[in-house]
Amino acid sequence: MAGTDPETVRAEPVEAPSSRSSVGKKEGPSTSSGRTDSVRFETLLRLGDDSLILGQRLGEWCGHAPSVEVDLSLANIGLDLIGQATHFLGAAGDGDQLAFHRDVLDFKNCLLVEQPNGDFAQTMARQLLFSTWQEMLFGHLEASKDETIAAIAAKAVKEVRYHAELAAEWVVRLGDGTEESRRRMIDGLDWNWRFVPELFELDEIAGEAAARGIGADPTAFRADYDARIAAVLAEATLEPPADQRPILGGRRGHHSEHLGHLLAAMQFLPRTYPDATW
Amino acid sequence: MSNDWPLWEVFVRAKGGMSHRHVGSVHAPDPEIALRHARDTYTRRMEGVSLWVVPSASIAASDPGDDAAMFDPAEDKIYRHPTFYDIPDDVKHI
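Residues numbered from 1 in each chain as written. Chains lettered and ligands numbered in written order. Predicted model: local features only at pLDDT ≥ 70, side-chain atom pairs only at ≥ 80, totals over all residues. Heavy atoms only, no water.

This paragraph deals with the packing of aromatic side chains. Residues and elements named next belong to chain A. Inspection of every chain in the model, using the stated rule, returns eight aromatic pairs over all chains. Relative to phenylalanine 120, the ring of tryptophan 61 lies with its centre 6.3 Å away and its plane at 85 degrees, an arrangement referred to as edge-to-face. One end of the pair, tryptophan 61, is in the loop between α1 (38–59) and α2 (68–92); the other, phenylalanine 120, is in helix α5 (residues 120–141), with 59 residues separating them in the sequence. Taking the centre distance of 5.3 Å and the plane angle of 80 degrees together, the rings of phenylalanine 120 and tryptophan 170 count as edge-to-face. One end of the pair, phenylalanine 120, is in helix α5; the other, tryptophan 170, is in helix α6 (residues 147–175), with 50 residues separating them in the sequence. Tryptophan 170 matches phenylalanine 120 in its accessibility class, with the two residues each being buried. Over the aromatic face of phenylalanine 107 sits the side chain of arginine 102, whose NZ or CZ is 4.1 Å from the ring centroid. (Phe/Tyr/Trp six-rings, centres within 6.5 Å; stacked < 30°, edge-to-face > 60°. Helix = DSSP H or I, 4+ residues; strand = E, 2+ residues; numbered from the N terminus. Buried < 20%, exposed > 50% of the residue type's maximum accessible area, 1.4 Å probe, protein only. Lys NZ or Arg CZ within 6 Å of the ring centre and 35° of its normal.)

Here it is, written out as C-alpha cells:
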C-alpha cells in the first residue's frame, strides 16, 4: 500500500503556483542561531502544521455542531491541537509568522488534516484515523533526542489519547447506530481512507530525522495502527474500506484545493492588519 | 439530535477527600458519552478529579408545592443544629 511514487499522485489538480509562489519568502531554519538544521526545521513544521490545520478545521464546527456538548468537545480538541502547534512552530522559529504568513506551498501538513469536515461522521472518521496515529507518533517522540520535541510530545500525548478515545466512541456509535448514521460513517471513512498511507510515508527528511533520533519512523507502528483501527471498526460492525490509490505530497507542500480556502480564512486578519493585537 | 438524547446530572469531585458536587447537566445518548460530555463541559479548567453522571430521570425530587410540610417544621428546632460546641480550626469542609 505504501511505496507509491509520491510526486505523481495528487489529491486534486494542484493549483497553479504562479502568483502565489512563495519562492524567496521561505522562513529560514534556525535563523536566530545562524546554524541551519533543515531536517529539524522540516520535522517541526510537519508536526506543527498537522496540529495547526486540524485545529483550524475543528474550529469551523464552532456553533454548528449537532449539540452544544459536541460543540464543546470539538472546540476542546481543536484548542489542544492549536496549543501543540504553538509549541512546535515556536520551536521552529517565530510561530505567528510561520502560522499566518506562509503560503500554501510552504505548509507541510499531511493531506488528511486539511480534508473538509463534511458531516459529523466524516469529521469523526478523520479524527479517529489521525488521532490514533498521532497518539502512537507522540508515544515514540517522547524518546526523541531533541529535548523540545520530547517535552512537547510527552505533554501532548495525554491530550491526543483522549481525542482518539472520543473519536473511537463516536465511530462505534454511528457505525453501529441507525441506518442513516451507519451510511454516513461508511461514507466518512471512505473519504478519508486514501490519506492514511501518507501518515506512514518515510521520505528522505523523515528517514533522516528518524535515523538521528529526533523524529520517529512511523512504519515501526503501522501494524499496531492497523490493528487498533480494525478493532474500532469491528466494534462499529464496519468493514475496513477497500484500499484506494494512496495520495501523497502534503509533506512536500503539494496540497489539495481545500487547504488554500482554510488558510484564506485563518490568515486573513493578520495579513490585512499586520500590526493588529488583541 | 440532542433533543432525542436523555439528560444526565453531572457531579464533580474537586479534589480527593471532598464529596462530589452537583454542577449541572448534559445531554448524551448513553453513560459513556455522558461522561465525555461532562468532562468536556465541566472540567475544562482543572475543576475535577472524579466525575459522576446520573440519568436525570432516576432522581426522585421533592414537590415544591409541598415544601411547607416538608421543610417548615425544621425551622424552629434550633437544638438540632450542631452549634453548641467549638469546631477545631484544623477541621475543614464541615
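Following the structure, the description resumes.
This brings us to the pairing of strand β2 (residues 20–27) of chain B. All names here are of chain B. Note that strand β1 (residues 7–13) and β2 share seven bridges and pair antiparallel. Along β2, the bridge assignment pairs tryptophan 8 with valine 26. In this structure, the hairpin formed by β1 and β2 is closed by a connection of six residues, where glycine 17 is found at a positive phi of approximately 95 degrees. (Pairing = 2+ DSSP bridges.)

Function-wise, these values are silent; they only describe arrangement.
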